[in-house]
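What follows is the residue order along each chain.
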Amino acid sequence: MFGLKQDSLGYFPNFIINYKKRGIQRKKVEGKYYQINDITKMNKKITYKDAGVDIKKADEAIEMSKKDISSTYSKNVLSSIGGFGSMYSLKDVLSEFKDPVLVQSIDGVGTKMSVAMAANNFKYIGHDLVSACCNDVAATGAVPLTFLDYVAGSSLDKNIVSQVIKSVAQECKQHGVSLVGGETAEMPGTYHANEYDLVGVATGVVEKNKIIDGSSVCDGDVAIGVFSNGLHTNGYSLARKLIFESMGLTTSDTLPGYNISIGDSLLAPHTNYSSLVEKTVGAGIVLKSISHITGGGFNNINRVLPSTMEVAWKSIDRFYSNQSLFEWIQGSAGLDSYQMRATFNCGIGMMLSLIHISEPTRLLSIGFGGVGVEKKRGGGGGGGGGGGG
């Protein structure tokens, strides 16, 4: 504003505005004239689309995905696509509970979406989003019921958005979760070009006296590590820096020393354990704690253990077997085992704590490494929440 002082009404009294016939607006400041704008240009109409927001594209993306979305609906879904609020009847659901507790989780896919963009592969990114949220809900013993998704970017490509939504719907349907609503947002200037952000919210229910919170874990209980399917949705900032920046590789290159492309290795879908947890609990197996191994790696295990307990690892290296990506990252980045476990899931996507196994054959369908739970013998276990992509 040229450093001018305002009067009490907020105007600039020392502005002298001259209008010339040719339509040039000029302002006199401290004895000099400055050309500000052409008055005729000020009358030009500006639409929402001119500002970078094309509502039609979002509508078309939803239209392309309607069949997939509606395929996830149970009889309890009362709302339709396009409404303001999602409605889900709890009458039948709650009739099976004496003291039902709703459990909710919100999460995203982190910078794994950047890898999907680089590879132009969105086949599994929606699966990742649903699994990340549903696993957190299942970690309390709850059964996921509904899901909401949010897709945002600087400029939405209807085909990409549709692929993402369809992917979300497929994972929801596979685990009996209703995709009851969602939102798309085109925000130019907020995100970089060709950049997307995904967020999901899962809601489940559990009987209050059956909540799994780790409070009953005791010395000698057995911890079962369930295999992961690659990085899942965490550690990608480190992996991307190593692979794309430091080594100059691309998603189409082959992972050095292995017969798999970097894109396929990094985009392997996040395993959804919610149905596994439901099946295990339904079989009468008492689970004392469940830890979803996300951001922060194995530090997540301590979040659901009493402060006097820690996991006693029999062999950490075996978790890398058949997990070529972890082996390669550790060797290429020069990370020790502690750094790996504090960043990645290292081949274990969920940890289940239970009493001494008296019927091991009932758990043969669950891949696990041999670990146990014992009293702490000094040293901290580390805590912290999830995070990092």
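Look up a bit, the structure's there.
Since the model is a prediction, treat every value here as computed from it, not as a measurement.

Conventions we followed
- Residues numbered from 1 in each chain as written.
- Predicted model: local features only at pLDDT ≥ 70, side-chain atom pairs only at ≥ 80, totals over all residues.
- Heavy atoms only, no water.
- Helix = DSSP H or I, 4+ residues; strand = E, 2+ residues; numbered from the N terminus.
- Polar contact = N/O pair within 3.5 Å; in protein donor to acceptor, adjacent residues only side chain to side chain.
- Contact = heavy atoms within 4.5 Å.
- Core = buried A, V, L, I, M, F, W, Y, C linked by side-chain atoms within 4.5 Å.
- Buried < 20%, exposed > 50% of the residue type's maximum accessible area, 1.4 Å probe, protein only.
- Pairing = 2+ DSSP bridges.
- Axes fitted to C-alpha atoms, helices over the stretch in contact; angles between N-to-C directions.
- Salt bridge = Lys/Arg side-chain N within 4 Å of Asp/Glu carboxyl O.
- Expected span 1.5 Å × (residues − 1).
- Bend = angle between axes of the 7 residues up to and from the residue.

Asker: Can you lay out the side chain of His232 for me, pointing to particular residues and giving the numbers?
Answerer: Assignment of secondary structure puts His232 in the loop between β8 (222–227) and α7 (236–246). Within the structure, His232 has its side chain in polar contact with the side chain of His270 (distance 3.4 Å). Contacts of His232, omitting those with residues within four sequence positions, involve Lys112, Pro269, His270, Thr271, Tyr273, Asn345 and Gly349.

Asker: Which residues make up the nonpolar core, and what are the values?
Answerer: Judged by nonpolar contacts, the single largest core of 60 residues is most densely connected at Met113, Phe147, Leu231, Leu266 and Ile329. With 7 residues, helix α6 (residues 158–174) is the largest single contributor of residues to this core. Not counting the four nearest positions on each side in its chain, Leu266 is found in contact with Lys112, Val115, Leu231, Tyr236, Ala239, Ile243, Phe244 and Leu325. Ala139, Val222, Tyr273 and Leu352 belong to the second largest nonpolar core, which has 14 residues in total.

Asker: So what's going on with the sheet that holds strand β6 (residues 178–186)? Which residues, and what values?
Answerer: Sheets are built from strands paired through backbone hydrogen bonds, the pairs being either parallel or antiparallel. What the 4 strands build is an open sheet, ordered β4-β7-β5-β6; its pairing is mixed. For this open sheet the edge positions go to β4 (100–108) and β6, each flanked by a neighbour on one side alone. Each strand of the sheet is rotated relative to its neighbour by a mean of 15 degrees, with strand direction disregarded. With 8 bridges connecting them, strand β5 (residues 143–153) and β6 associate as parallel partners. Bridging from a neighbouring strand, Ala152 pairs with Ala185 of β6.

Asker: Pulling in residues and values, what's your account of the pairing of strand β11 (residues 348–354)?
Answerer: With 7 of its 7 residues buried, β11 lies for the most part within the structure. When β8 meets β11, the two strands line up antiparallel, connected through 6 bridges. Opposite Val226, over in β11, you have Met350 as the bridge partner. Strand direction decides the pairing type here: strand β9 (residues 287–292) and β11, joined by 5 bridges, are antiparallel. Looking across to β11, one finds that Ile290 is bridged to Leu352.

Asker: How would you explain the pattern of salt bridges if you had to name every residue and give the values?
Answerer: Considering all chains together, one arrives at 7 salt bridges under this definition. The closest approach of N and O atoms between Lys158 and Glu60, which form a salt bridge, is 3.1 Å. Residue Lys158 is located in helix α6, and its partner Glu60 is located in helix α2 (residues 55–70); the two are separated by 98 residues in the primary sequence. Residue Lys158 is classed as partly exposed on the basis of its relative accessible area, which comes to 32%. Of the residues examined, Glu60 reaches a relative accessible area of 25% and is grouped as partly exposed. Salt-bridge contacts for Lys288 lead to Asp221; the nearest nitrogen and oxygen are separated by 2.9 Å. Here Lys288 is found in strand β9, whereas its partner Asp221 is found in the loop between β7 (196–207) and β8, with 67 residues between them in sequence. Comparing Lys288 with Asp221 shows no difference in burial state: the two are buried.

Asker: Requested: an account of α2, with residues and values cited.
Answerer: At 3.6 residues per turn, the α-helix brings residues three or four places apart onto the same side. Here α2 spans 22 Å end to end across 16 residues, near enough to the 22 Å set by a 1.5 Å rise per residue. At Met64, α2 is deflected by roughly 45 degrees, the largest bend along its length. Listed as buried for α2 are Ala58, Ala61, Ser65 and Ile69. Residues of α2 that are buried in the fold lie against α6 and β6. Its side-chain oxygen 3.1 Å from the backbone nitrogen of Lys56, Asp54 forms the N-cap of α2.

Any functional reading would require information that these geometric values do not contain.
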